[in-house]
Amino acid sequence: MSKFLGSETICPHIALFPSAGMGHLTPFLRLASLLLSNNCKVTLITPTPSVSVAESTHISSFVSAHPEVNHLEFQLPSLQPPPNSVTKDPFHIQFDTILRSVHLLHPLLRSLSPPLSAIFSDILVAAGVIQVAVDLGLPHYTLVTFSAKYLSLTAYISTMVSDPTKLKCSTEIQIPGLGPVPVGSIPPPYFNPNHLFTSVFLSNARALPEVDAILINSFDWLEPETLSALNSGNVFANFPPVLPIGPLVPYELKRKEECQYLQWLDIQPKESVVYVSFGSRTATSKDQMKELRDCLWKSKYRFLWILKSNNVDKDDKEDLDTLLGDSFFEDTKNRGMVVKPWVYQQEILAHPAVGGFVSHCGWNSLSEAARNGVPVLAWPHHADQSVNAEVVKKAGLGLWDSSWGWGLQNLVKQEEIQKMIGQLMEDEKLRITAKKVGDEAKKAGEIAGSSNKVLMKVLRSLVK
Ligand code: UDP
Ligand code: UDP
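In short, a report on the structure. What you see is a predicted model, and the numbers here were worked out from it, not measured in a lab.

**Observations regarding the sheet that holds strand β2 (residues 41-48)**
Working definition: the strands of a sheet are paired by backbone hydrogen bonds and lie parallel or antiparallel to each other.
Okay, step 1: Spatially, the 7 strands line up as an open sheet ordered β3-β2-β1-β4-β5-β8-β9, and their pairing is parallel. Of all strands in the sheet, those with a lone pairing partner are β3 (70-75) and β9 (242-244), marking the two edges. Taken over all neighbouring pairs, the strand axes of this sheet differ in orientation by 25 degrees on average, direction set aside.
Okay, step 2: As defined by bridge partners, strand β4 (residues 118-122) adjoins strand β5 (residues 140-144) across 4 bridges and the pair is classed as parallel. Each bridged residue has a counterpart across the sheet, and for serine 121 the counterpart in β5 is threonine 142.

**Things to note about helix α17 (residues 428-445)**
Okay, step 1: The first and last C-alpha atoms of α17 sit 27 Å apart over 18 residues, in line with the 26 Å expected at 1.5 Å per residue.
Okay, step 2: Taken together, the buried positions of α17 are occupied by Leu430, Ala434, Val437, Ala441 and Ala444. Summarising the axial view, the buried residues of α17 lie within an arc of 75 degrees, below the 170-degree limit, and thus occupy one face. Set apart from the buried face of α17 by more than 90 degrees, the exposed residues are Glu428, Lys429, Ile432 and Asp439.
Okay, step 3: If you follow the buried residues of α17, they end up packed against α14 (363-372), α15 (385-395), β15 (398-400) and α18 (450-462).

**Section: the site of ligand 1**
Okay, step 1: Taken together, 19 residues sit near ligand 1, with Gly23, Gly279, Gln345, Gly362 and Ser365 positioned nearest.
Okay, step 2: At the level of elements, α1 (22-37), α13 (345-349) and α14 are the ones that each hand at least two residues to the shell around ligand 1.
Okay, step 3: Counting residues per element, the shell around ligand 1 draws most heavily on α14, at 4 residues.
Okay, step 4: The residue makeup of the shell around ligand 1, split by class, is 6 nonpolar, 11 polar and 2 charged.
Okay, step 5: The residues that make up the shell around ligand 1 include at least three from each of domain 1 (13-251 + 445-461) and domain 2 (260-441).

**Side note on the sheet that holds strand β13 (residues 354-359)**
Okay, step 1: One open sheet accounts for 6 strands, arranged β12-β11-β10-β13-β14-β15; its pairing is parallel. Each having just a single partner strand, β12 (336-339) and β15 make up the two edges of the open sheet. Going from strand to strand, the sheet's axes swing by 15 degrees on average, the running direction of each strand aside.
Okay, step 2: With 5 bridges joining them, strand β10 (residues 273-277) and β13 adopt parallel strand pairing. Looking at β13, one finds that valine 273 is bridged to valine 354.

**A look at unusual backbone geometry**
Okay, step 1: In this structure, proline 49 follows threonine 48 across a cis peptide bond, with omega equal to 0 degrees.
Okay, step 2: Among the secondary structure elements, proline 49 is positioned in the loop between β2 and α2 (53-65).
Okay, step 3: Across the junction of glycine 246 and proline 247, the peptide omega takes the value -10 degrees, indicating a cis bond.
Okay, step 4: Relative to the helices and strands, proline 247 resides in the loop between β9 and α9 (260-266).
Okay, step 5: Unusually for a residue other than glycine, asparagine 39 sits at a positive phi of about 70 degrees.
Okay, step 6: Mapped onto the elements, asparagine 39 comes out in the loop between α1 and β2.
Okay, step 7: Phi is positive for cysteine 361, close to 75 degrees, though the residue is something other than glycine.
Okay, step 8: Along the chain, the position of cysteine 361 falls in the loop between β13 and α14.

Conventions adopted
- Residues numbered from 1 in each chain as written.
- Chains lettered and ligands numbered in written order.
- Predicted model: local features only at pLDDT ≥ 70, side-chain atom pairs only at ≥ 80, totals over all residues.
- Pairing = 2+ DSSP bridges.
- Helix = DSSP H or I, 4+ residues; strand = E, 2+ residues; numbered from the N terminus.
- Axes fitted to C-alpha atoms, helices over the stretch in contact; angles between N-to-C directions.
- Expected span 1.5 Å × (residues − 1).
- Buried ≥ 20, exposed ≤ 12 C-beta atoms within 10 Å, placed from the backbone.
- Arc of directions from axis to C-beta.
- Contact = placed C-beta atoms within 7 Å.
- Near = placed C-beta within 6 Å.
- Nonpolar A, V, L, I, M, F, W, Y, C, P; charged D, E, K, R; others polar.
- Domains from an automatic or database assignment.

Here it is as structure tokens:
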């Protein structure tokens, strides 16, 4: 029996239901690992087939490392996107397919033994899981995989408008109790009600008052005003409690092979390397690739650049020489590395040689930077990332030049990137404040830490 749950002999049995993409799967696997270490029984439901190879690989290695997990593959029907949909992004289509199929989960969950104590669903499937949880008489918690600030924005937009194009009328929107969000930080698809991204996010946000509580991969110290405004009822009436349980701690990944880039990091001086990565599914345009390449080529800094040229890993086939040219590699061979396949980012960010992180501001990447106290140069590309960038800047974790706009829409020239990388690597004050974020992030997860206490309270309530 876990020391945290006291002397009870019954442990909660929790169904975890992530949606699509590594940005959603990763926090669920981290939470699964945390629940297992606290003696919970875990049923992991994974929508199948997944979009990326990274998802299926991580699921199977997690399940084989934890044979005690009850793994249920949720076979998705093949659905056509709605006829007026304006996106071809396979992740957006998958979010929509999962949301429209969730009712089929019911028979899978009804007969589990021991019976379930609760369902923890991904925020992007919450609206569909509500009825399943009601039918099964189960508490339903939803896990928010992005910042509390972006949760507020999405929830606010979902209540504010039937016609999201109205958002364009002002330069900022005022969220009661929380202050302004510049219109430039609102994800562009929100202006188009027919975009699947919009319909999926907003329909889930509208359903939030019906979940029992919101678990969020953030922590009190990082977003104190937002969390307290949401929980005081000043932002929305009828909003469920928002319970910060982050930053969720990475579980140990068993490396099958020696990684050249980790060996290379081992021989670089402390805090000398700029790490550049835009997450698991953000492709860099050819023009932007060239600007970034020329910036790294001319700059004096060592670098490790993870380059994706397609947003789905199995379609990312172009080789690095074709993309970047031989002479770049020849000239930078002693101070830089570019990698295309999947990397162990959690190990990179924990490596002492890494001095700064140029990031698209996916919330998991930022949580990893926060835990390791690595200064971030925020370069949001789409979705929640500009709002996350504001959180980073405010917390003292990083720099953000909002005039760069969205990475998927604007081209940032090499001179500008170079200037910001210089600041990232040389700003001693930033290094100190980022380390402070690291200390606070680690503290939140300790036994007496704020996030751990919140999660233990939830688990205790489920064994009653
Ligand atoms: N990641 C990784 N190796 C890669 C690419 C991504 O380990 O080659 C991890 C990264 O550490 C993070 C997750 O995948 O945990 C990506 O989630 P995030 O929210 O940062 O961005 P997204 O990929 O959803 O845009
Ligand atoms: N896209 C991409 N990588 C991503 C997400 C999106 O390359 O991680 C591409 C994809 O082709 C998608 C388009 O960008 O259809 C729009 O994506 P997003 O949801 O971010 O909308 P935007 O903000 O660009 O309007």
